[in-house]
Each structure stands twice: as C-alpha cells, then as structure tokens.
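Coordinate inspection notes
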Amino acid sequence: MLEPDMLLRADRDTLLAPLAAVCGVVERRHTLPILSHALLAADGENLTLTASDLEIQVESRRAIRAEQAFRLCVPARKLLDILRALPAGCGLQLKRQGGQLLLLAAGSRFQLQTLPAEDFPLLTPDGAASAAIELNPAELKHKLDQVLYAMAGGDIRPYLNALLLQLDAGELKLIASDGVRLAIQRYPLAGAHAERKLLLPRKAALALHKLLGEQTAPLQLSLGEKQLHCQLGDTQLRAKLVDARAPDYLRLLPDHHDCELTLPRQALLEAVQRVAVLAHAKFRQLELAIRPGQLALRCHNAELEEAEETLPLDWQGAPLQASFNLGYLQDVLQSQQAEQLRFGLGQGQRGMLITNPDDPHFQYLAMPMRG
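Residues numbered from 1 in each chain as written. Predicted model: local features only at pLDDT ≥ 70, side-chain atom pairs only at ≥ 80, totals over all residues. Heavy atoms only, no water.

1. Quick notes on the overall build of the chain
Convention followed: Counting from the N terminus, the helices are DSSP H or I runs at least four residues long and the strands are E runs at least two residues long. Exposure is judged per residue with a 1.4 Å probe applied to protein chains only, and the accessible area is read against the type maximum: over 50% gives exposed, under 20% gives buried, and values in between give partly exposed. Throughout, a residue-residue contact means that at least one pair of heavy atoms, one from each residue, lies within 4.5 Å. Only the protein chains shown count as cover for residues, with accessible areas throughout obtained via the Shrake-Rupley method and a probe of 1.4 Å. Working convention for charge: Lys and Arg count positive, Asp and Glu count negative, and His plus the chain ends are omitted. By convention, the charge on Lys lies at NZ, on Arg at CZ, on Asp at CG and on Glu at CD.
For the chain, the count of helices and strands is 6 helices and 22 strands. Seen through its C-alpha atoms, the chain measures out along the principal axes to roughly 85 × 50 × 35 Å. Burial status across the chain gives 53% buried among its 371 residues. When contacts within the chain are restricted to residue pairs at least 6 apart in sequence, those whose partners lie at least 24 apart make up 65%. Roughly 17500 Å² of accessible area belongs to the chain as shown, and the carbon and sulfur atoms make up 49% of that amount. Charge-centre separation for the chain: the mean point of 39 positive side chains lies 4 Å from the mean point of 43 negative side chains.

2. Overview of the packing of aromatic side chains
In plain terms, the rule: By convention, a stacked pair of Phe, Tyr or Trp rings (six-membered ring in the case of Trp) has centres within 6.5 Å and planes under 30 degrees apart, an edge-to-face pair has planes over 60 apart, and any other such pair is tilted.
Following the criterion strictly, the structure yields 1 aromatic pair and no others. Plain terms: the ring middles of Tyr-149 and Tyr-364 are 6.1 Å apart, the flat faces sit at 45° to each other, and that makes the pair tilted. A residue pair is termed long-range when its members are at least 10 positions apart, and Tyr-149 in the loop between α3 (137–145) and β10 (162–177) and Tyr-364 in strand β22 (residues 359–366) qualify at 215 residues. Residue classification places Tyr-364 among the buried positions, given a relative accessible area of 1%.

3. Topic: the pattern of salt bridges
The criterion, for reference: Within this document, salt bridges are pairs made up of a side-chain nitrogen of Lys or Arg and a carboxyl oxygen of Asp or Glu, the two lying within 4 Å of each other.
Within this structure, the stated rule accounts for 16 salt bridges. As a salt-bridge pair, Glu-171 and Arg-186 come within 3.5 Å of each other at their nearest N and O atoms. Of this pair, Glu-171 sits in strand β10 while Arg-186 sits in strand β11 (residues 181–201), and the two are 15 residues apart along the sequence. Side by side, Glu-171 and Arg-186 carry an identical accessibility label, which is buried. Glu-309 is paired through a salt bridge with Arg-274; the nearest N and O atoms lie 2.6 Å apart. Placement of Glu-309 in strand β18 (residues 306–312) and of Arg-274 in helix α5 (residues 265–275) is noted, with a sequence separation of 35 residues between them. Connected through salt bridges with shared partners, the residues Asp-168, Glu-171, Lys-173 and Arg-186 form a single ionic network.

4. Details of the environment of Gly-44
Residue placement: Gly-44 occurs in the loop between β2 (37–42) and β3 (47–52). Separated by 37 residues in the primary sequence, Gly-44 and Leu-7 have C-alpha atoms spaced 9.5 Å apart. Those residues in contact with Gly-44 that lie beyond four places of it in its chain are Ile-64, Arg-65 and Ala-66.

5. Side note on the packing of helix α1 (residues 12–22) against helix α2 (residues 76–85)
We apply this condition: To define axes, lines are fitted to C-alpha atoms, for helices over the stretch in contact only, and angles between the resulting N-to-C directions are given on a 0 to 180 degree scale. Take the far helix as your reference; a near helix turned counterclockwise from it by less than a right angle gives a left-handed crossing, and one turned clockwise gives a right-handed crossing. Throughout, the ten residues Ala, Val, Leu, Ile, Met, Phe, Trp, Tyr, Cys and Pro are labelled nonpolar, Asp, Glu, Lys and Arg are labelled charged, and all others, Gly among them, are labelled polar.
Packing of α1 against α2 brings their axes to within 10 Å, and their N-to-C directions diverge by 140°. Viewed along their axes, α1 and α2 form a crossing whose handedness is left-handed. For the pair α1 and α2, contact is made by Arg-12, Leu-15, Leu-16, Leu-19 and Ala-20 and by Ala-76, Leu-79, Leu-80, Leu-83 and Arg-84, respectively. Residue composition of the contact of α1 with α2, grouped by class: 8 nonpolar, no polar and 2 charged.

6. Details of the UniProt feature "domain: DNA polymerase III beta sliding clamp N-terminal" (unreviewed entry) in the chain
Convention followed: UniProt positions are given in the numbering used here, feature names are shortened, and annotations may be inferred rather than shown by experiment.
The residues that UniProt annotates with the feature "domain: DNA polymerase III beta sliding clamp N-terminal" (unreviewed entry) are residues 7–123. Between the first and last C-alpha atoms of residues 7–123 the distance is 26 Å; the span itself is 18% helix and 42% strand.

7. Details of the side chain of Ser-323
What counts is decided by this rule: Counted as a polar contact is a pair of N or O atoms within 3.5 Å, where, for protein atoms, one must be capable of donating a hydrogen and the other of accepting one, and residues adjacent in sequence contribute only when both atoms are in side chains.
Its location among the elements puts Ser-323 in strand β19 (residues 320–325). Among the polar contacts made by the side chain of Ser-323, one reaches the side chain of Gln-285 at a distance of 3.0 Å.

8. Focus: the domain arrangement of the chain
Our working rule: How far each domain reaches was decided by an automatic or database domain assignment. By convention, the term buried area covers the 1.4 Å-probe accessible surface removed from two parts as they join, with the contributions of both added.
As assigned here, the chain comprises domain 1 (5–113), domain 2 (133–249) and domain 3 (253–366). Put simply, the middle of domain 1 and the middle of domain 2, counted by C-alpha atoms, are 29 Å apart. Taken together, the contacts link 15 residues of domain 1 with 13 residues of domain 2. Between domain 1 and domain 2 lies a buried interface of about 1100 Å² when both sides are counted; carbon and sulfur atoms form 46% of it. Of all residues in domain 1, Glu-55, Ile-56 and Glu-59 give up the largest surface area on contact with domain 2, accounting jointly for 39% of the area buried on that side.

9. Comments concerning the pairing of strand β6 (residues 91–97)
Here is the rule we go by: In short, DSSP must find at least two bridges between two strands for them to pair.
Strand direction decides the pairing type here: strand β1 (residues 5–11) and β6, joined by 6 bridges, are antiparallel. When the sheet's bridge partners are listed, Met-6 is paired in β6 with Lys-95. Alignment of β6 against strand β7 (residues 100–105), held across 6 bridges, turns out to be antiparallel. For Lys-95, the partnering residue across the bridge sits in β7 and is Leu-102.

10. Section: the nonpolar core
Test applied: We call a set of buried residues a nonpolar core when its members are Ala, Val, Leu, Ile, Met, Phe, Trp, Tyr or Cys and they connect through side-chain atoms within 4.5 Å of each other.
Core analysis: the largest hydrophobic core is formed by 109 residues, its most contacted members being Leu-163 and Phe-343. Not counting chain neighbours up to four residues away, the residues in contact with Phe-343 comprise Cys-259, Glu-260, Leu-261, Leu-263, Leu-268, Leu-329, Leu-333, Met-352, Leu-353 and Ile-354. In this structure, Tyr-159, Val-242, Ala-246 and Leu-365 belong to the second largest nonpolar core, which totals 15 residues.

Next up, the structure:
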C-alpha cells in the first residue's frame, strides 16, 4: 500500500470557517455527484475552498501553509460535519492516499473518497462586469432582513423568485415581491451610477445574506451582464442572473390613501399573534375593521370559531374594512424595530402601504384578500 502524502497541517477552526462559508450552496441531492463536493486548492501559501451548484459559486480563501500544492474535490457536507464534531481548536492533518483523503485529528481518523479536481464546474467570470460598488455589509444585511421574506419561493414567473437590484442614480433599490406583496429598501450610494436592473436568484440572495452576517470587510459589488460578483474580504460569491424582465414595481405604490394610521408596532404584532390562534389553517385571513377611535382585528376558522382584538385609534374618519394575509402582516411587523409604523389604506381592492417613520428608505405594500 502506498504511503499517504502529507497535504497540510492546520487547526480545526481555521479550516471550519471557510468550509462553512461555501457549504450553503452545496446541494444535498443532485444528479451530478461533483456538485455535492467542495474543491480544495492549495498553492503552498493559501488554501481556497469552492462550492457551486452551476448557478452560484462561493469561494473562500485562507492563509494556510500547505506541505505541497494540491487540488482535489471532497464531500463538502461530510467534511463539514466531521470538523464540527471535532474539539474546538484541535490540530488536524490532511493526507492523500490514492483517490482518498485522510483526516487525522484528536485521536480520530476519517477516510473520505475524493473526485478529480478537473471535473469541478467553475463559473466563467463575466467580462462585462462594471466597476465595483462598495457597500457596508452590516447595513446591507439589515436592509435585506427587511425585504427577503417577500420573495416568492416557487412561482412560475421567474422574476418573482428573485431579488431585484435596481440601480438608480445615487441609490441601490432592493425590491422583493411574490406578486401579492412588495417590500422595498433603498441603499444610498456615494456617487452616481448608470441605471441598471438585475434579478438575483432567490438562493443567491439568501446565500449573500448569510455571508454578510459573517464578514466585517467592505462588500465590493460588481454588476455584470449575466452575473453578479460579490467580494467580501477573503470570500467571494458569483451568481448567474435571472434572464427575465421585472415589472416596474414602483408604479404599484399608491400616491394617496383614504385612511392613514400610526400604530404601535409591538402591540399590533402581539394582537395579531393572539387572533392568529383561531385563523383559518388554509386561508390565513385577517380582517381589519377601522372605526372612529378603534381598530378591530378578527380571525375565524372552518369550525366557526372566532377571535377579535381591539386597539385604540386616533381616527375619526369614515369606517373602512379590509382583509389581508395574516402572515404578510406578521412578516413586516417582525422585520421592523421601530416603535411606531404608519399604515395607509384605501377602499375597495387598494393595497395597504406600511412605512417606518424612523427609516424613510423602507416601504411595504400588501394587497387585500378578496371575499
């Protein structure tokens, strides 16, 4: 039997962090076995880990001195589970023996089957990418927290299963919609930029959001014709854009309301959560009845059970009644942190516009339920 070749020595935590960063795009089940693997590539001074699902590619690099240059593909989630199970801070050794990777650490020995590195499908960079836009990762993550929940998950319209990045002069708009609701956040930019609209696939948007929570270095965002490239310190994400045309979402925002209310966010959220106990399991309908001095929230179910909560209002206008998806209201109330939120409503089938007095960049529109 051949003696195993020493590849590198490192501590468990140094290898765990980059592997965890790339594993989010690894498919648990895929027709191509190589896509359940991560590419490990060492040049002697740095170790680079790469994962891809053919549409999204995440690469993370760490300064880890290797015994020799190497490239190989290892089962990504198996290796991640092994590293998580090992004691924190323990030293480990990676060795290659034929077509297998040996991992030795803390008295444990693991033997993993590898695949050839040349079979790994790396995305070709988009040569038409624009100059990078620098963003604060913490601020961008905060804004994504307030819009990503509004994306569709499996709609036949591809532009709804995506996050719209709309570059307009001095700001970047982050827009998500599932066709019934719409969430908008605006990120002011330092300089002016050419107008662009790009649709980032849902999975790529969620992967970017996860990476932002683990990075403090500025985000460099490059917009290409067919790809989006994000550089976050030693980690980069490259994603193919959705080949579709998004609607002009801003035209959907109402310019006036029959009723404008300012409500305490936490009290409203708690009231909604209480009446939700008796909501219809399928339709999840929440009825709002606005009367002079009072807002009533009602839910009922197929068993003819009903729950009602009332909140005091500083409103003396005409009564108004509308029904909305219960989850749509809960999502926006949970995503915001302001003490007060503003609500604009109209008669008939006009939507409910929610804004935050503390954040002029945020808007949320939910269309009413019929019947």
